[in-house]
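Observations on chain architecture
If you want the building blocks of each chain, they are given just below.
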Amino acid sequence: MSDADTTDDPGDLRTPIVAVLGHVDHGKTSLLDKIRGSAVIEGEAGAITQHIGATAVPLDTVSEVAGSLVDPTEFDLPGLLFIDTPGHHSFSTLRSRGGALADIAILVVDVNDGFQPQTEEAVRILKDTGTPFVVAANKVDTTPGWNPNPDSPIQQTYEAQSDRARSDLDEALYELIGEMSDHGFSSDLYWRVQNFQKNVGVIPVSAETGEGVPDLLTVLMGLAQRYMKAEMEVDVAGPGAGTVLEVKDEQGFGKTVDVILYDGTVRSGDTVVVGAQNDPIVTEVRALLKPRELAEIRTEKRFDDVDSMQAAAGLKIAAPDLDDAMPGAPVRVVGDRSVEEVVAEVEAELAEVAVETEEEGVVVKADTLGSLEALVNALEEAEIPVMSAEVGDVAPRDVAMATTVDEDKHHVLLGFNVDVLPAAAEKAENEDVRIFDSDVIYQLVEDYEAFVEERERAQK
Ligand code: GDP
């Protein structure tokens, strides 16, 4: 079948959604840039498509980048859609019903630096969500005595290194494999892995020289094609389903939502239900926006209006009444169903992440629904009771809430990736409420535990 025959067929395979995770400075952004860059250099015109919040690399381009490694006739997936915002933070934001929205993930680890706090956190989140992933052992070019060869598969380059360089790199790689094993994952260099569902493949790469990037794309395609195909079988012509990535003011459009669409189609004029802080929003799509081609950005106009978008895609929806839309919340096209039915579905999905609150405990704020869920899970694991958990910045009323805990207990507020409003900080100071904020979940857990320990020691 030609492309034209397949694009609108119900039951088509949609593009797998790929997220990039890892510790700060380990090379997530560079690796994404390299993937995009290689795709542009190797591919014909239209080699990649820029979406809102994501980049699509079509199968033809993947196979051109991967050279002899990928035979395009072996695949019936359309390509790969990379989420542009790297980090476990956007990964947690992008939840879908029952788990992660990303189908597969790349865990980037700097071979010089090994596992670091955000690597640990990313691994835990990947484990909790059951997301298949590969490890990109990045910056292999910095190995002393490394002899680069961007034109050959990384296994060959690795094997062609001097004994000295190989043993240096091996030391780092085996430490990494050991860390993975401490987290309950059996992993190995990717060319030794038979079953990528059972064993996590480790791919030596360099976001600098591009070595290993073709291999990485190959393994991702294989992983999606072999083990995840069921998830890609969607009715792309059916009513759209997606997740809010961001809520943004956009000149000329008012409040808009950036959405990653993982199922079906959204059309201009569609009635949609969007998850919000309070009741779900029911509204009508006024415009569907995608980024303009780079060459056209000379004018003020940054977006193109389109009539419809089909999964998987990243797009911006302009519609009335989006002010309370919540990052991480579901978006559903109503289609042939009743508005009530779809509202109930969105409510049910939001209830899935709603927190079982205790009468007394910590007050929790996070910037998105997904990160709130991840934080509350971590607190539960550490047996720290949670009194309330909401999306949003830390406001005075959150501080007031924290003070309602019994006096002999601790008045603590934990904020993940949020701002503490000045009035809230002042109120907390006056009323002896302790606020911890961080963008590392386990830091918050550790800070809280250290604080409680110290207070209890002082009370004795
Ligand atoms: P992020 O915070 O994980 O997104 O990391 P960045 O992509 O911003 O990379 C952090 C720094 O490491 C930057 O200075 C990059 O140029 C550098 N870097 C990233 N990947 C590589 C690599 O493969 N080799 C070398 N030599 N430097 C790299």
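Residues numbered from 1 in each chain as written. Predicted model: local features only at pLDDT ≥ 70, side-chain atom pairs only at ≥ 80, totals over all residues. Heavy atoms only, no water.

With respect to unusual backbone geometry
Geometrically, the link from Ala311 to Ala312 is a cis peptide bond, its omega value of -5 degrees lying close to zero. Checked against the element boundaries, Ala312 lands in the loop between strand E18 (308-310) and strand E19 (313-318). The residue Asp25 is not glycine, and still its phi comes out positive at about 70 degrees. Its relative accessible area of 63% is what places Asp25 among the exposed residues. Of note, Lys139 is a non-glycine position whose phi angle comes to about 70 degrees, a positive value. In this fold, Lys139 is placed in the loop between strand E8 (133-138) and helix H6 (154-159). (Helix = DSSP H or I, 4+ residues; strand = E, 2+ residues; numbered from the N terminus. Buried < 20%, exposed > 50% of the residue type's maximum accessible area, 1.4 Å probe, protein only.)

A look at the pairing of strand E20 (residues 330-333)
Residues of E20 alternate between two faces, with Pro330 and Arg332 on one and Val331 and Val333 on the opposite face, all of them buried. Strand direction decides the pairing type here: strand E11 (residues 241-250) and E20, joined by three bridges, are antiparallel. In the strand pairing of E20, Ala241 is matched with Arg332. Strand direction decides the pairing type here: strand E14 (residues 271-274) and E20, joined by three bridges, are antiparallel. Its bridge partner lying in E20, Val272 is registered against Val333. (Pairing = 2+ DSSP bridges.)

What about the site of the ligand?
Around the ligand lies a shell of 15 residues, among which Asp25, Thr29, Ser30, Asp141 and Ala207 are the nearest. At 2.6 Å, a side-chain N or O of Ser30 approaches an oxygen atom of the ligand. Ser206 is positioned with one of its side-chain polar atoms (N or O) 3.4 Å from an oxygen atom of the ligand. Relative to its free-state accessible area of 570 Å², the ligand is covered by the protein chains to the extent of 70%. Residues belonging to the shell around the ligand are distributed by class as follows: two nonpolar, eight polar and five charged. (Near = heavy atom within 4 Å. Polar contact = N/O pair within 3.5 Å; in protein donor to acceptor, adjacent residues only side chain to side chain. Areas by Shrake-Rupley, 256 points an atom, 1.4 Å probe, with all protein chains shown as cover. Nonpolar A, V, L, I, M, F, W, Y, C, P; charged D, E, K, R; others polar.)

Description of the sheet that holds strand E15 (residues 281-284)
Read across the open sheet, the eight strands follow the order E15-E14-E20-E11-E12-E19-E16-E17; overall the sheet is antiparallel. Two strands bound the open sheet, and with one partner strand each, they are E15 and strand E17 (303-306). The mean angle between the axes of side-by-side strands here comes to 35 degrees, regardless of whether they run parallel or antiparallel. Pairing geometry for E14 and E15, over four bridges, is antiparallel. By the bridge assignment, Thr271 is partnered in E15 with Glu284. (Axes fitted to C-alpha atoms, helices over the stretch in contact; angles between N-to-C directions.)

Some thoughts on the nonpolar core
In this structure, Ile17, Leu31, Phe82, Ile106, Phe133, Val135 and Leu220 are the most contacted members of the largest nonpolar core, which totals 82 residues. Per element, the largest residue contribution to this core is eight residues, and it comes from helix H8 (residues 213-227). For Val135, the residues in contact, after removing those within four places along its chain, are Leu107, Val109, Leu176, Met180, Val200, Gly201, Val202 and Ile203. In terms of nonpolar packing, the next biggest core, distinct from the first, is built from 34 residues, Val343, Ala366, Leu369 and Val386 among them. (Core = buried A, V, L, I, M, F, W, Y, C linked by side-chain atoms within 4.5 Å. Contact = heavy atoms within 4.5 Å.)

What to know about the sheet that holds strand E24 (residues 434-438)
Read across the open sheet, the four strands follow the order E22-E21-E23-E24; overall the sheet is parallel. Looking at the sheet topology across the chains shown, the edges are occupied by strand E22 (386-391) and E24. Along the sheet, successive strands turn relative to each other by an average axial angle of 15 degrees, direction set aside. Looking at chain direction, strand E21 (residues 362-366) and strand E23 (residues 412-416) are connected through four bridges and run parallel. Of the residues in E23, the one forming a bridge with Lys365 is Gly415.

Let's talk about the pattern of salt bridges
Applying the stated criterion to the full structure yields 22 salt bridges. The partner of Arg302 in a salt bridge is Glu250, and the shortest N-O contact between them spans 3.1 Å. One end of the pair, Arg302, is in the loop between strand E16 (287-291) and E17; the other, Glu250, is in strand E11, and 52 residues separate them in sequence. Judged by its relative accessible area of 10%, Glu250 falls in the buried class. The closest approach of N and O atoms between Arg337 and Glu345, which form a salt bridge, is 2.7 Å. With a relative accessible area of 29%, Arg337 lands in the partly exposed category. One continuous salt-bridge network, built from bridges that share partners, spans Lys248, Glu250, Asp258, Arg302 and Lys316. (Salt bridge = Lys/Arg side-chain N within 4 Å of Asp/Glu carboxyl O.)

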